[in-house]
Amino acid sequence: MPVGRVIGCDFAGTVVAHPAGPSLWKPGQRVAGFVMDGALDLTGGRVCGVPHEAAASLGVGFATAMMGLFLRLGLPEPPSALEGDDAKAAEAAEGKEQPVVLINGASTSVGLYAVQLARLAGIRVIATASPRMHALVRELGADVVLDYADADWPAQAARAAGPALRQAFDCVSEVGTARATAAALAAAADVRGGDGAERGHLLCILPRSQADLEGDVSQKVRLETTVAFSVFGRPIQHLTYDNQGGPTPRDREFWERYLRKLTGWLESGEIRPNPVRVFGGLEDVLDGFREGMEGKVRGEKLVYRVAPASV
Ligand SMILES: NC(=O)c1ccc[n+]([C@@H]2O[C@H](COP(=O)([O-])OP(=O)(O)OC[C@H]3O[C@@H](n4cnc5c(N)ncnc54)[C@H](OP(=O)(O)O)[C@@H]3O)[C@@H](O)[C@H]2O)c1
């Protein structure tokens, strides 16, 4: 591949052939997922009843949402995603105070999956999105949706969530959005009493740092960053996120478990793929990026057909 080219991640398609020997895959099987470093490593799950175009939105968005909520923020998992003793422990935990999470940028690709996974886990969701996306975000499972363009939204989020708010997922993760999301966590910490042991936990999906948070908010909120590629299990070296370094077998185990569940969730409609817009073929990718940079891609994923739709 020529130097300077960047390869995309998400894909969906049909298995045509696989290497000799035992394999999870059979020719004719429909799959979706994402790749790391081109085709060097690949994870994917079986998808049925979902058009290729919609399935192509599942990979990175779903992986990041799953990892963010359950591995990094440590929120309780959907009981139906658990096996054996874990499922019993989840049942035993029923009846305890309902957990709550703040999802900033709930209408992003990652955010739409995070809202749905949080709903499946019984977590109360306080979300932000632009007003035209409020109905969708609510329909997918958010309890409260605020307008991120309102400068007062962090205070409104803290009031809506109450002092139990300890975890927030910033699905945009620009400096300004991280600060606003941290302000909501800090306000909730203040109501709790706000000592060091009770700090809020902010998860970002761009390489932010604790130094991005200002003043005493930084004392009240711990900022962590994560990148989806750790679900492949092998070390990530060329990026700057908190979850890179050595091998990540636990992330891989989580991902494989959620891929097994995803097939059923898609069939039952408990997880809906992101809205998509088919934008043409590979030759149209640059125009798609241009639309994105002009702010014309909102609440949807652009999808490119690289083979006839019947394949
Ligand atoms: N670390 C990782 O593993 C990982 C994985 C995936 C993505 N990412 C990164 O995460 C970011 C989001 O990716 P994505 O594909 O999920 O995004 P996306 O779907 O392209 O996000 C577009 C949406 O962002 C929302 N938005 C824009 N400005 C906002 C703001 N100030 N506050 C709240 N929402 C805002 C808009 O919502 P409205 O339509 O409601 O205005 C828009 O629909 C990107 O920077 C991407 O590179 C990281």
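Residues numbered from 1 in each chain as written. Predicted model: local features only at pLDDT ≥ 70, side-chain atom pairs only at ≥ 80, totals over all residues.

**Q** Explanation requested: unusual backbone geometry in the structure shown.
**A** A negative phi angle is the norm for most residues apart from glycine, just as the trans form is the norm for most peptide bonds. Of note in the backbone geometry, serine 173 takes a positive phi value of approximately 65 degrees without being a glycine. Tracing the backbone through its elements, the reader meets serine 173 in the loop between β7 (167-170) and α7 (175-192). (Helix = DSSP H or I, 4+ residues; strand = E, 2+ residues; numbered from the N terminus.)

**Q** I tried to follow the site of the ligand on my own but got confused; where do I start?
**A** Around the ligand there are 25 residues in total, and Gly105, Thr108, Ser109, Ser130 and Ala228 lie nearest to it. Breaking the shell around the ligand down by element, the ones donating at least two residues are α2 (59-72), α4 (109-120) and β5 (124-129). If one sorts the elements of the shell around the ligand by residue count, α2 sits on top with three residues. Class assignment of the residues belonging to the shell around the ligand gives a composition of eleven nonpolar, 13 polar and one charged. (Near = placed C-beta within 6 Å. Nonpolar A, V, L, I, M, F, W, Y, C, P; charged D, E, K, R; others polar.)

**Q** Please explain the packing of α2 against helix α9 (residues 249-268) as it appears in this structure.
**A** Two elements in contact, α2 and α9, have axes whose closest approach is 11 Å; the angle formed by their N-to-C orientations is 120 degrees. Viewed along their axes, α2 and α9 adopt a mutual orientation that is oblique. Relative to α9, α2 is oriented so that their crossing is right-handed. Contact residues: Phe62, Ala63, Met66, Met67, Phe70 and Leu71 in α2; Asp251, Phe254, Trp255, Tyr258 and Leu262 in α9. Taken together, the residues that form the contact of α2 with α9 break down as ten nonpolar, no polar and one charged. (Axes fitted to C-alpha atoms, helices over the stretch in contact; angles between N-to-C directions. Parallel < 35°, antiparallel > 145°, perpendicular 65-115°, else oblique. Left-handed = near helix turned anticlockwise from the far one by under 90°. Contact = placed C-beta atoms within 7 Å.)

**Q** Looking at this model, I keep getting lost on the nonpolar core. Mind explaining?
**A** Soluble globular proteins tend to bury their nonpolar side chains together. Membership of the largest hydrophobic core comes to 88 residues, with the highest contact counts inside it found for Val101, Ala114 and Val115. The element contributing the most residues to this core is α7, with ten residues. Beyond its immediate stretch of four places on either side in the chain, alanine 114 contacts Ala65, Gly68, Leu69, Ile103, Phe169 and Cys171. (Core = buried A, V, L, I, M, F, W, Y, C linked by C-beta atoms within 7 Å. Buried ≥ 20, exposed ≤ 12 C-beta atoms within 10 Å, placed from the backbone.)

**Q** Before we go on, may I ask you to explain the sheet that holds strand β9 (residues 221-225) in this structure?
**A** Picture the strands of a sheet paired through backbone hydrogen bonds; they go either parallel or antiparallel. Pairing is parallel in the open sheet, where six strands are placed in the order β6-β5-β4-β7-β8-β9. Strands at the two margins of the open sheet, each flanked by one partner only, are β6 (144-147) and β9. Along the sheet, successive strands turn relative to each other by an average axial angle of 20 degrees, direction set aside. Bridge count for strand β8 (residues 200-204) against β9 is five bridges, and the pairing is parallel. (Pairing = 2+ DSSP bridges.)

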